[in-house]
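Residues per chain are reported as follows:
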Amino acid sequence: MYDVEGLEKEWKRYKSKQRTPWIVSAVLIALIIIAIVFRADFSAILSKYSKDNNSSIKREKIIQESIPLKPYVPTMAPKSESNHTVQKTAPLKSESNQTVQKTAPLKSSEEVNQSAEKKKVPPMTIEVSDLEAEPVREHKRKYLKIEVTDRYPAKKKQTEKPKKTTKKKKKQTIKSVEKNFSKSRSYYDSLYLARAYYKKGNYPKAQKWALVTNDLNSKLEESWLIFAKSKAKLGERREAEQILSAYIGKTNSTKAKALLRKIKKGKF
Amino acid sequence: MESRYNPAKNVFIDSIDVEDYINLDSSLNAYDQLLHSIEKPLKMILLFGRPGTGKSILLNHLYQNQKEQKELYYFETPTTNEKEFFQKIFKIITKKDLPPDSQVNFSTLVDYCRSLRGEREIIVLLDEAQMYSQEMMERIRLLSDTRSMKFVVSLHKTENEDLIAKEHFQSRIWEVIELKNGTQVDIQSYIHKKLLKKSLFEVANAIKGSHIKLIHTLTKGNYREANKLLFTVFELYEYYDRNDPSKIRYDQLSIKIIEMAGIKLGYIHV
């Protein structure tokens, strides 16, 4: 009689050998199907991931751009320069401080859906354009060059130009931005104009540009605030309160709440 | 106590016993062809095919069926000794034994056969003809030329033997009947008919289409190999029936056991 147990062992070995290619091919087919089915999702995740990376890089850039403002001032006003120029640069410091103060609470209190917009509206733009009296985007570029200027004195001279800014130049900037807006229809420009007019005390125009900005991008908190502030300044406190409470109802913004409190108390 | 699988096992013992002959469509066709050929005034008929295709059993079947009607002689075992072979031929022609210490004179034998032309028609069935030497085959041909003797030569079809067939037989004007391996349907009816002949209905019913397919694949449709495989299968069943009956089902043959038999016989290489 045969060695049946041995034969059974051989049969098991044969079966496992016979099944191996099937298992391997089944696994491969399954992997291919998974890859085909989820390819779209993978690409979506990848693109999202890359977007996140880009946005975080952008955020880092903004922070980097805003931080060097303080150390930058001494380079713009070298020791050898006269006291006059130093005095001129002094407001620069204060201005830059102002912008930092303005932007700091924004970063802490803004909601997630507004953060993207913030990135696109760097606080730098006002500051730099004020200094250089040139259109916003160009200044932005120039500022990026400024970071490299430590090594290139020739470019330092270019940055020194804004020290001689005058009110005339500011007007020119506003005009040029207005002109540029008619072509670009960019809310960067309209927001800049709203801010600039508000600072100048031209509240009707500030109100107008805040509305334009709001039309273009209703998520920009600053446009709401400038609009409400301008209304309040023009004596239309009730309307300002209505606008702010509507905005608070929508976004629960702490900044808007603070402003509403101020207006209600009559401190604004 | 005898296992229920013992009779089934014995069904597949390889034999050329005419009782075990199974009428299949293909074998019936070959038989009719062979019968028709021996009716014709042909000198030699070649039955050709691979080992295990049923040549011997077909010759035996022909012999058993026709021995009363015709002068038929069946040489089951080949005689490699020329002297012995012609002594046999002498005996069937003269119906007398050759005196001791005497030899057959071949030319005298041929002359005698020639004298019998028209009177007698002797048919000799030569199985395993590939074992005969070339010289002997030439002498057989000369005897068949006398027209009083007819030879049915059964020959294995292997590569070398194929050459012999071409050289010694196919140059002559002979009838050639080729037997081939069975199809799946042939193997199925062969197995079922064999089992039913012995009234093993339950076992026959337990063999399904998938089992036949596997058996056909393993044996390549060769009847002898199918006999060997099924003999081993039922031997394994006999073992399980006695020692481990929980491992087998009586209503259905196990693919595993067929494969085990295939491994045992070397049809499957692990």
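Computed from a predicted structure; not experimentally measured.

Definitions and cut-offs
- Residues numbered from 1 in each chain as written.
- Chains lettered and ligands numbered in written order.
- Predicted model: local features only at pLDDT ≥ 70, side-chain atom pairs only at ≥ 80, totals over all residues.
- Heavy atoms only, no water.
- Salt bridge = Lys/Arg side-chain N within 4 Å of Asp/Glu carboxyl O.
- Helix = DSSP H or I, 4+ residues; strand = E, 2+ residues; numbered from the N terminus.
- Buried < 20%, exposed > 50% of the residue type's maximum accessible area, 1.4 Å probe, protein only.
- Core = buried A, V, L, I, M, F, W, Y, C linked by side-chain atoms within 4.5 Å.
- Contact = heavy atoms within 4.5 Å.
- Buried area = accessible area lost by both parts, 1.4 Å probe.
- Polar contact = N/O pair within 3.5 Å; in protein donor to acceptor, adjacent residues only side chain to side chain.
- Nonpolar A, V, L, I, M, F, W, Y, C, P; charged D, E, K, R; others polar.
- Phe/Tyr/Trp six-rings, centres within 6.5 Å; stacked < 30°, edge-to-face > 60°.
- Lys NZ or Arg CZ within 6 Å of the ring centre and 35° of its normal.
- Axes fitted to C-alpha atoms, helices over the stretch in contact; angles between N-to-C directions.
- Parallel < 35°, antiparallel > 145°, perpendicular 65-115°, else oblique.
- Left-handed = near helix turned anticlockwise from the far one by under 90°.
- Pairing = 2+ DSSP bridges.
- pLDDT = per-residue confidence, 0-100.
- Arc of directions from axis to C-beta.
- Patch = residues over 30% accessible without salt bridge, like charges linked within 9 Å, V, L, I, M, F, W, Y side chains within 5 Å.
- Areas by Shrake-Rupley, 256 points an atom, 1.4 Å probe, with all protein chains shown as cover.
- Lys, Arg positive; Asp, Glu negative; His and termini not counted.
- Charge placed at Lys NZ, Arg CZ, Asp CG, Glu CD.

**Student:** I tried to follow the pattern of salt bridges on my own but got confused; where do I start?
**Tutor:** Note on pairing: side chains with opposite charge can pair once their charged atoms come close. In total, this model carries 22 salt bridges over all chains according to the counting rule given. In this structure, the salt-bridge partner of B:Glu225 is B:Lys228, at a minimum N-O distance of 3.4 Å. Of this pair, B:Glu225 and B:Lys228 both sit in helix α11 (residues 223-243), three residues apart, which is roughly one turn of the helix. Judged by relative accessible area, B:Glu225 falls into the partly exposed class, the value being 22%. Among the ionic contacts, a cluster of salt bridges with common partners joins A:Glu8, B:Asp244, B:Lys247 and B:Lys256.

**Student:** Mind showing me how you'd approach the nonpolar core here?
**Tutor:** Soluble globular proteins: nonpolar side chains tend toward being buried together. Counting residues in hydrophobic clusters, the biggest one holds 39 residues, and the most contacted among them are B:Ile191, B:Leu195, B:Val233, B:Phe234 and B:Ile258. Of all the secondary-structure elements, those providing two or more residues to this core are α1 (4-37) of chain A together with α1 (6-11), α8 (184-197), α9 (201-206), α10 (209-219), α11 and α12 (255-265) of chain B. Looking at this core, the element that brings in the most residues is α11(B), giving nine residues. Residues in contact with B:Phe234, not counting those within four places in the same chain, are B:Tyr5, B:Ala8, B:Lys9, B:Phe12, B:Val203, B:Ile207 and B:Leu253.

**Student:** Just to check I follow, could you spell out the interface of chain B and chain A for this structure?
**Tutor:** Many structure descriptions define interface size as the accessible area lost when the parts assemble. The interface is formed by 13 residues belonging to chain B together with 11 residues belonging to chain A. Surface buried jointly by chain B and chain A totals about 1400 Å² across both partners, of which 71% is contributed by carbon and sulfur atoms. Here chain B is connected to chain A by three salt bridges. Along the contact surface separating chain B from chain A lie five residue pairs in polar contact (both at pLDDT 80 or more). Going through the elements one at a time, α11 and α12 of chain B are the ones with two or more residues in the side of chain B that touches chain A. Looking at the side of chain B that touches chain A residue by residue, the classes come out as seven nonpolar, one polar and five charged.

**Student:** Explanation requested: the packing of aromatic side chains in the structure shown.
**Tutor:** Centre distance and the angle of the planes are the two values used to describe a pair of aromatic rings. All names here are of chain B. A full pass over the atoms with the stated rule returns 16 aromatic pairs over all chains. Residues tyrosine 5 and phenylalanine 234 carry aromatic rings whose centres are separated by 6.2 Å and whose planes lie at 15° to one another, so their mutual orientation is stacked. Here tyrosine 5, found in the segment before α1, pairs with phenylalanine 234, found in helix α11; they are 229 residues apart in sequence, far enough to count as distant. Neither tyrosine 5 nor phenylalanine 234 differs from the other in exposure class; each is buried. Ring geometry for phenylalanine 75 versus phenylalanine 85: centroids 5.9 Å apart, planes at 80°, classification edge-to-face. Taken together, the residues span a long stretch of sequence, with phenylalanine 75 in strand β2 (residues 71-75) and phenylalanine 85 in helix α4 (residues 82-94) at a distance of 10 residues. With respect to burial, phenylalanine 75 and phenylalanine 85 carry one shared label: buried. One residue, lysine 88, lies across the ring of phenylalanine 75, its end atom 4.9 Å from the ring centre. The positively charged end of arginine 139 is found above the aromatic ring belonging to phenylalanine 106, 5.1 Å away from the centroid.

**Student:** Got a minute to help me understand the packing of helix α13 (residues 237-251) of chain A against helix α14 (residues 254-265) of chain A in this structure?
**Tutor:** Each pair of packed helices can be described by the angle between their axes along with the distance between the axes. Residues and elements named next belong to chain A. Relative orientation of the contacting elements α13 and α14 amounts to 155°, with a least axis distance of 9 Å. Looking at the two axes, α13 sits roughly antiparallel to α14. When you trace α13 past α14, the crossing you get is left-handed. Each of Arg237, Ala240, Glu241, Leu244, Ser245, Tyr247 and Ile248 in α13 lies in contact with α14, whose residues at this interface are Ala256, Lys257, Leu259, Leu260, Ile263 and Lys264.

**Student:** Looking at this structure, I do not really get the pairing of strand β4 (residues 149-156) of chain B. What am I missing?
**Tutor:** Remember that side chains alternate between the two faces of the sheet whenever the strand is regular. Residues and elements named next belong to chain B. Most of β4 is tucked away, with eight of its eight residues classed as buried. Because side chains alternate across β4, one face comprises the buried residues Met149, Phe151, Val153 and Leu155, and the other comprises Lys150, Val152, Ser154 and His156, equally buried. Where strand β1 (residues 44-49) and β4 come together, six bridges link them in parallel fashion. Residue pairing across strands places methionine 44 opposite phenylalanine 151, the latter belonging to β4. Pairing analysis gives five bridges linking strand β3 (residues 122-126) to β4, with the strands arranged parallel. The residue bridging isoleucine 122 from the neighbouring strand is methionine 149, located in β4.

**Student:** Looking at this structure, I do not really get the confidence of the model for chain B. What am I missing?
**Tutor:** Close inspection of predicted coordinates is inappropriate in any region flagged by low pLDDT. Residues and elements named next belong to chain B. Chain-level pLDDT for chain B is 88 on average; 93% of the residues reach the 70-or-more range. Within chain B, α10 carries the highest mean pLDDT (96), whereas helix α7 (residues 159-169) carries the lowest (58). For this predicted complex, the interface confidence comes out at an ipTM of 0.76, alongside a pTM of 0.54.

**Student:** Just checking my understanding: could you explain the sheet that holds β2(B) for this structure?
**Tutor:** Two orientations exist for strands paired in a sheet by backbone hydrogen bonds: parallel and antiparallel. Residue and element names in this part refer to chain B. Here five strands make up an open sheet; going across it, the order is β2-β3-β4-β1-β5 and the pairing parallel. Edge positions in the sheet fall to β2 and β5 (175-179), since each of these pairs with one other strand and no more. Between one strand axis and the next, the sheet turns by 15° as a mean value, whatever way the strands run. Of the strands in this sheet, β1, β3, β4 and β5 are in contact with helix α2 (residues 25-39), which crosses β5 at around 165°. Against the sheet, helix α6 (residues 134-144) contacts β1, β3 and β4, and its axis sits at roughly 145° relative to β4.

**Student:** How should helix α5 (residues 106-115) of chain B be read in this particular structure?
**Tutor:** Helical geometry note: an α-helix holds 3.6 residues per turn, so side chains three or four residues apart project in the same direction. Of all the positions in α5(B), only B:Phe106, B:Leu109, B:Val110 and B:Cys113 are classed as buried. Along α5(B), the residues classed as buried sweep out an arc of 100° about the axis, all on the same side.

**Student:** Sorry, what's going on with a positive patch on the surface here?
**Tutor:** Residues and elements named next belong to chain A. On the surface, Lys167, Lys168, Lys170, Lys171, Lys175, Lys199, Lys200, Lys205 and Lys208 cluster together into a patch of positive charge. For the positive patch, the secondary structure elements donating two or more residues are α9 (167-184), α10 (187-200) and α11 (203-216). Positionally, lysine 167 belongs in helix α9.

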